[in-house]
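Residue-level structural notes
The chain contents come next:
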Amino acid sequence: MIRFLSSLFNKPTQEAQPVAGHAAETSMNFDSENVRPFLEGLAPGTIDQGALAVVDSAVGAMAVDETRDIVLNAQSGLQLQIYMDDIQAPDLYFFGPVEVIQYIDSALMAFANAMGL
């Protein structure tokens, strides 16, 4: 939890690798146990349901300094890049159309506020 709080004030240690064709990006560091609750809290249709299981599996199996790319919504073009910054502390980078990324960015801030961070 403290790691999550400090991440709000610190830039992720690794810069996201650009995903071709995407106009916008937003990111935040998470404690692993907060990844799924955040994703499930997004508006219906933002993320394909099958992508949740892929993200869960990736976060649970990734080694420190490993990166994985996941398509969260093929129709909107929303993609996620996970970088395991530390043990059980992934950096999540969201890439996609400006409108979708603006929504995700506001959802990230709302999630942090709701968690009291």
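See above for the structure.
This is a predicted model, so every value here is computed, not measured. (Residues numbered from 1 in each chain as written. Predicted model: local features only at pLDDT ≥ 70, side-chain atom pairs only at ≥ 80, totals over all residues. Heavy atoms only, no water.)

**Here's the deal with the packing of aromatic side chains**
What the rule picks out here adds up to 4 aromatic pairs. Here the aromatic rings of Phe-30 and Phe-38 are separated by 5.5 Å at their centres, their planes lie at 50 degrees, and the arrangement is tilted. For the pair Phe-30 and Phe-38, a shared accessibility class is recorded, and that class is buried. A network of ring pairs unites the aromatic residues Phe-30, Phe-38, Phe-94 and Phe-111 as a single cluster. (Phe/Tyr/Trp six-rings, centres within 6.5 Å; stacked < 30°, edge-to-face > 60°. Buried < 20%, exposed > 50% of the residue type's maximum accessible area, 1.4 Å probe, protein only.)

**Regarding the nonpolar core**
In this structure, Phe-38, Leu-39, Val-55, Leu-72, Ile-82 and Phe-94 are the most contacted members of the largest nonpolar core, which totals 28 residues. Breaking this core down by element, the ones donating at least two residues are β1 (24-29), α2 (35-40), α3 (49-61), β2 (67-73), β3 (78-86), β4 (89-96) and α4 (98-114). Per-element accounting of this core gives the leading share, 6 residues, to α4. Leu-72 has contacts with Thr-46, Ile-47, Asp-48, Ala-51, Val-55, Leu-78, Gln-79, Leu-80 and Phe-94, leaving out every residue within four places of it along the chain. (Core = buried A, V, L, I, M, F, W, Y, C linked by side-chain atoms within 4.5 Å. Helix = DSSP H or I, 4+ residues; strand = E, 2+ residues; numbered from the N terminus. Contact = heavy atoms within 4.5 Å.)

**Quick look at unusual backbone geometry**
For Asp-65, which is not a glycine, the phi torsion comes out positive at approximately 75 degrees. Take Asp-65: it is sitting in the loop between α3 and β2. The phi angle at Gln-88 is positive, at roughly 60 degrees, despite the residue not being glycine. Inspection of the secondary structure puts Gln-88 in the loop between β3 and β4. Using a relative accessible area of 40% as the deciding quantity, one classes Gln-88 as partly exposed.

**Quick notes on α4**
For α4, spanning 17 residues, the distance from its first C-alpha to its last is 24 Å, which sits close to the expected 24 Å at 1.5 Å a residue. Every buried residue belonging to α4 is among Val-100, Ile-101, Ile-104, Ala-107, Leu-108, Phe-111 and Ala-112, and all of these are buried. Here the buried residues of α4 occupy an arc of 135 degrees about the axis, which is enough to place them on one side. Among the exposed residues of α4, those oriented more than 90 degrees off its buried face are Glu-99, Gln-102, Asn-113 and Ala-114. At the C-terminal side of α4, Gly-116 shows a positive phi close to 75 degrees. (Expected span 1.5 Å × (residues − 1). Arc of directions from axis to C-beta.)

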